[in-house]
Amino acid sequence: MRFATWNVNSVKARLPRLLDWLAGTAPDVVCLQETKVADDGFPSAEVAELGYETAAYGQGRWNGVAVLSRIGLDDVRRGFTGVPGYPEPEARAVSARCGGIRFMSVYVPNGRTPDDPHYAYKLQWLAALREALIPDLKAGPLVVAGDYNVAPADADVWDITLFANSTHVTPPERAALAAIREIGLTDVPARALKGDHPFTYWDYRAGMFHQNKGMRIDLVYGSADVAERVTDAYVDREARKGKGPSDHAPIVVDLTD
DNA sequence: ATGGCCCATTTAATGGGA
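Only a predicted model underlies this, so the values are computations on that prediction, with no experimental measurement involved. Residue numbers restart at each chain and count upward from 1, following the sequence in its written direction. Throughout, the order in which chains and ligands are written sets their labels, letters from A for the former and numbers from 1 for the latter. Two thresholds apply to this predicted model, a pLDDT of at least 70 for residue-level local features and 80 or more for giving and counting side-chain atom pairs, whereas whole-chain, interface and lining totals are computed over all residues. Working from all heavy atoms in the structure, the side-chain values ignore hydrogens and water.

Moving on, we come to helix H1 (residues 15-25). The rule is simple: take the accessible area with a 1.4 Å probe, protein chains only, and divide by the maximum for that residue type; under 20% is buried, over 50% is exposed, in between is partly exposed. For helices the rule is a DSSP run of H or I covering at least 4 residues; for strands it is a run of E covering at least 2, with both sets numbered from the N terminus onward. Where H1 is concerned, the buried positions are Leu-15, Leu-18, Trp-21, Leu-22 and Thr-25. The buried side chains of H1 occupy one side of the element, clustering within an arc of 125° when seen end-on. Turned more than 90 degrees away from the buried face of H1 sit Pro-16, Asp-20, Ala-23 and Gly-24, all of them exposed. Two residues or fewer past H1, Ala-26 is found with a positive phi of approximately 55°. Picture the helix axis, draw a direction to every C-beta atom, and the arc is the one those directions span.

A side chain of one charge can pair with a side chain of the opposite charge when the charged atoms of the two come close. Between Lys or Arg on one side and Asp or Glu on the other, a salt bridge is scored when a side-chain nitrogen of the former is within 4 Å of a carboxyl oxygen of the latter. Here the structure, examined in full by the defined rule, presents 19 salt bridges. For Glu-34, the salt bridge goes to Lys-36, with nearest N and O atoms at 4.0 Å. Among the residues examined, Glu-34 registers a relative accessible area of 13% and is labelled buried. Overall, Lys-36 belongs to the partly exposed group, its relative accessible area being 28%. When the shortest N-O distance is used, the salt bridge between Asp-154 and Arg-174 registers 2.8 Å.

We now examine the layout of surface pockets. Looking at the largest pocket, its volume works out to about 550 Å³. Buriedness of a pocket was judged along seven lines, with at least five required to meet protein on both sides within 12 Å; pockets are open sets of points on a 1 Å grid over the protein atoms alone, cavities are sets where a 1.4 Å probe fits but cannot get out, and lining residues have an atom within 4 Å of a point. Lining the largest pocket we find 28 residues, and of these Glu-34, Tyr-107, Asn-110, Asn-149 and His-168 sit closest to its centre. Grid points are joined across faces, edges and corners, and a volume is the space filled by probe spheres set on the points.

A cutoff of 4 Å decides nearness: a residue is near a molecule or strand if any of its heavy atoms lies inside that distance of it. Around DNA strand B, a shell composed of 28 residues is seen, among which Ser-10, Lys-194, Ala-206, His-210 and Lys-241 lie nearest. Among atoms of DNA strand B positioned within 4 Å of the protein, sugar and phosphate together represent 68%. Between DNA strand B and Arg-61 there is a distance of 3.3 Å, counted from a base nitrogen to a side-chain nitrogen or oxygen. Two N or O atoms form a polar contact when they lie within 3.5 Å of each other; inside protein one atom must be a possible hydrogen donor and the other a possible acceptor, and for residues adjacent in sequence the pair counts only when both atoms belong to side chains. Residue Tyr-201 places a side-chain N or O atom 3.4 Å away from a sugar or linking oxygen belonging to DNA strand B.

What counts as a ring pair is set by centres within 6.5 Å for rings of Phe, Tyr and Trp (its six-membered ring), and what kind of pair is set by the plane angle: stacked under 30 degrees, edge-to-face over 60, tilted for all other angles. If you walk through the whole model with that rule in mind, you get 7 aromatic pairs. Ring geometry for Tyr-86 and Tyr-121: centres 4.8 Å apart, planes at 25°, overall stacked. Separated by 35 residues along the polypeptide, Tyr-86 in the loop between strand S5 (74-78) and strand S6 (93-98) and Tyr-121 in helix H3 (residues 117-139) bring together distant segments of the chain.

In structure tokens, the structure reads:
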């Protein structure tokens, strides 16, 4: 089985690239984030032509997540139990069972700045996610993949000295991720196709990508029974190149059957 | 080579992204 996660930064703006990438990479399951489209606008028919069923949870202008699968898709859940809002619940998590594994696509709140209410919301959201995943882990194999908006270690940003007073690297954010791992999820490390750092995000501005000034903020967390099946995982930086890319690259994971 | 913001929306200017 091959699965992937990708923050596409608008599924409509990215549709030609998404379809090409699906055809070329041939993942069985894909977790998408920042689809930025209401469910009735999701290009379900277009991805169906490539054999994918869709579980989309969107709200329009912002956020939006989806799971695509060509190996079956059922038991779809939008959001999760106890999800906090800002102030209303946002479309930041959707899950479905595909090929014997529950896949959850997550788009963690950004946090903006550490003194912003959005930062407190981010920590609340991650704490609530942890609690919601406990019963999911008991129910069977689980993958929680997406844009976590946290760089787990200093090496996961291009220059940690530039992140003083910034979100994504603070101890409480990192502790929130550690608390999620502690319930029985493993960080599936992805290899970089070039260089030493498997960054998944590079700002559009100032040539950050070609200088490889990036961040590792997209992550794949898997239950132990999934993690032990991993044969390869890589960041597809090719998808960040060229005209009209997302600012995030996909992570592709291969499992033994 | 990978190339110097981009997205959606209230279609101009703004909020959000990280």
